[in-house]
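So the chains spell out like this:
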Amino acid sequence: MPAPAPPPLDAAEVAVWAGPERAGLAGDILDRMADAVRPLAVGGPACEAVADLGRRLGCPVEHDLRRLLNDRPVASVLVAEFDGIDPLILGKRLPTGTRALCLEPRAAELHEAPAGGDAVVSAPRFLDAPGHRAAAEPLDALPPPRLIRFSSLGRPTHGSLLARSLDAWAVVLAYADLPETVTASAHDPAGKTDPPIRRRRGWLAAHARLADGGAVLVEAADTAARSRRELSVLTADAQLTVSDTGYELRQSDGNVLDAGGDNRDAAGFADLVADQWRRDLERPRPGSRPGADAEALACVHAALLSVRTGQPERPRQLLKMQG
C-alpha cells in the first residue's frame with residue numbers, strides 16, 4: 001500500500017495534547033482536518049494511547065507541554081484533555097503566535113474566569129456550530145424570547161458535564177440577560193453527592209427566571225447514548241429551533257417561515273471540533289466580551305449550589321461575592 005500523500009506546504013502546522021481517554025478522539029479530529037493541517041508533535045502523559053497516536057501520525061511524542069511547543073512552534077495546539085497540564089497556566093505556556101483549541105473549559109471556578117479573550121478558545125462551541133451560524137439572521141430578527149431551552153447531551157468522551165453546562169449557559173446569555181435565579185437538579189451515576197466540579201458526571205437540569213418575566217430551561221448530560229445539542233427560542237408569535245447543523249423558524253400557527261442547513265440529525269462530535277478548528281485557523285475568532293465567561297460560570301455554580309441547597313440561587317450574588 002502506498003504511503004499517504006503529505007499535506008500541502010500551506011497546511012497549518014499543529015500539535016496535539018491528549019491523554020488515555022481522548023487520544024483516539026484527537027486522532028479522529030485530525031482525520032477530519034485532512035490536509036488542512038500538518039501535525040508536528042503529539043504530547044501527553046506517558047501512556048500507550050498517546051504513544052499510539054504519535055506512531056499513527058508519524059510524530060515525535062513529548063510529555064512536557066512547554067518543551068513540545070518551544071521545540072516545534074506551531075500555529076495551533078489541540079488540547080483534548082488537561083491530563084498533565086495545569087489549565088490555569090495554559091495561556092502562559094503558549095509561544096507568541098500559537099493558539100490553543102481546548103475540548104474542556106480552562107476555568108472551572110469563578111475566580112479563574114479570564115477577563116477577556118486571548119489565544120485559548122473552547123470547542124466545539126454551539127455559537128460557532130454550522131447550524132447556529134446559518135440561523136444568525138433569523139435570530140437577530142426575533143423579538144425578545146419568552147422561553148429559551150437548550151439541551152446538550154453527549155457521550156462520556158464528547159465533553160464533560162462541566163464543558164456542556166458552560167457551553168449551554170454561554171448560549172443562553174447570548175440571547176438573555178443574566179438570570180435572576182437558577183433552580184437545579186442533578187444526578188451522578190456513581191452516587192457521588194458533591195464531587196469536584198471537573199469530575200462531575202451524569203446529568204444536570206436547571207430552570208432560570210429572567211428579570212423580564214421570561215424563563216430558561218437548560219439540560220446537560222455526559223452519559224447520553226448519542227451526542228446532540230439543540231436550542232429552542234420561543235417568542236410571542238414564533239419559534240426558532242437550532243441544531244448543530246441547521247435551523248427552522250415557524251410562526252405560532254405552524255407555518256415554516258425560514259429554514260437552513262440540515263436540522264434532522266446531529267453532526268459528529270469530531271466533525272464539529274474540526275469545523276471550528278478549521279475556521280479558527282483561517283480567521284481567529286475574537287475573544288469573548290469581558291465578563292462573559294464569568295457570567296456563564298456564575299450560572300453553572302448557581303445551578304450546582306441549588307442542587308445542594310434545594311433552593312433558587314442568584315448568579316449575580318455569586319459574582320458580587322467574587323468581586
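Please refer to the structure placed before this passage.
Everything numeric in this text was worked out from a predicted model, so none of it was measured.

The rules we used
- Residues numbered from 1 in each chain as written.
- Predicted model: local features only at pLDDT ≥ 70, side-chain atom pairs only at ≥ 80, totals over all residues.
- Heavy atoms only, no water.
- Buried < 20%, exposed > 50% of the residue type's maximum accessible area, 1.4 Å probe, protein only.
- Helix = DSSP H or I, 4+ residues; strand = E, 2+ residues; numbered from the N terminus.
- Pairing = 2+ DSSP bridges.
- Right-handed = clockwise from strand over helix to strand, strands pointing away.
- Phe/Tyr/Trp six-rings, centres within 6.5 Å; stacked < 30°, edge-to-face > 60°.
- Polar contact = N/O pair within 3.5 Å; in protein donor to acceptor, adjacent residues only side chain to side chain.

## Describing the pairing of strand 1 (residues 12-17)
Okay, step 1: Counting buried positions along strand 1 yields 5 of 6 residues, so the element is predominantly enclosed.
Okay, step 2: When strand 1 meets strand 2 (residues 37-43), the two strands line up parallel, connected through 6 bridges. Residue pairing for strand 2: tryptophan 17 is matched across the bridge by glycine 43.
Okay, step 3: One crossover worth recording links strand 1 to the parallel strand 2 by way of helix 1 (residues 23-33), and it is right-handed.

## A look at the packing of aromatic side chains
Each aromatic ring pair is summarised here by two numbers: the centre-to-centre distance and the angle between the ring planes.
Okay, step 1: In the structure shown here, the tally under the stated rule is 1 aromatic pair.
Okay, step 2: Judged by centre distance (4.9 Å) and plane angle (75°), the rings of phenylalanine 126 and phenylalanine 150 are edge-to-face. A residue pair is termed long-range when its members are at least 10 positions apart, and phenylalanine 126 in the loop between strand 6 (120-122) and helix 5 (130-134) and phenylalanine 150 in strand 7 (residues 147-153) qualify at 24 residues.
Okay, step 3: Given a relative accessible area of 0%, phenylalanine 126 falls into the buried group.

## Let's talk about the side chain of glutamine 276
Okay, step 1: When you line up the elements, glutamine 276 lands in helix 8 (residues 269-282).
Okay, step 2: Here the side chain of glutamine 276 touches serine 122 through a polar contact of 2.8 Å, landing on its backbone oxygen.

## Section: the sheet that holds strand 3 (residues 61-62)
Okay, step 1: Strands sit in the order 3-2-1-4-5-6 across an open sheet of 6 strands; the sheet is parallel. At either margin of the open sheet sits one strand with a lone partner, and together these are strand 3 and strand 6.
Okay, step 2: Across 4 bridges, the pairing between strand 1 and strand 4 (residues 76-79) is parallel. Bridge assignment links tryptophan 17 to a residue of strand 4, and that residue is valine 79.

It is worth stressing that arrangement in space is one thing and function is another; only the former is reported here.
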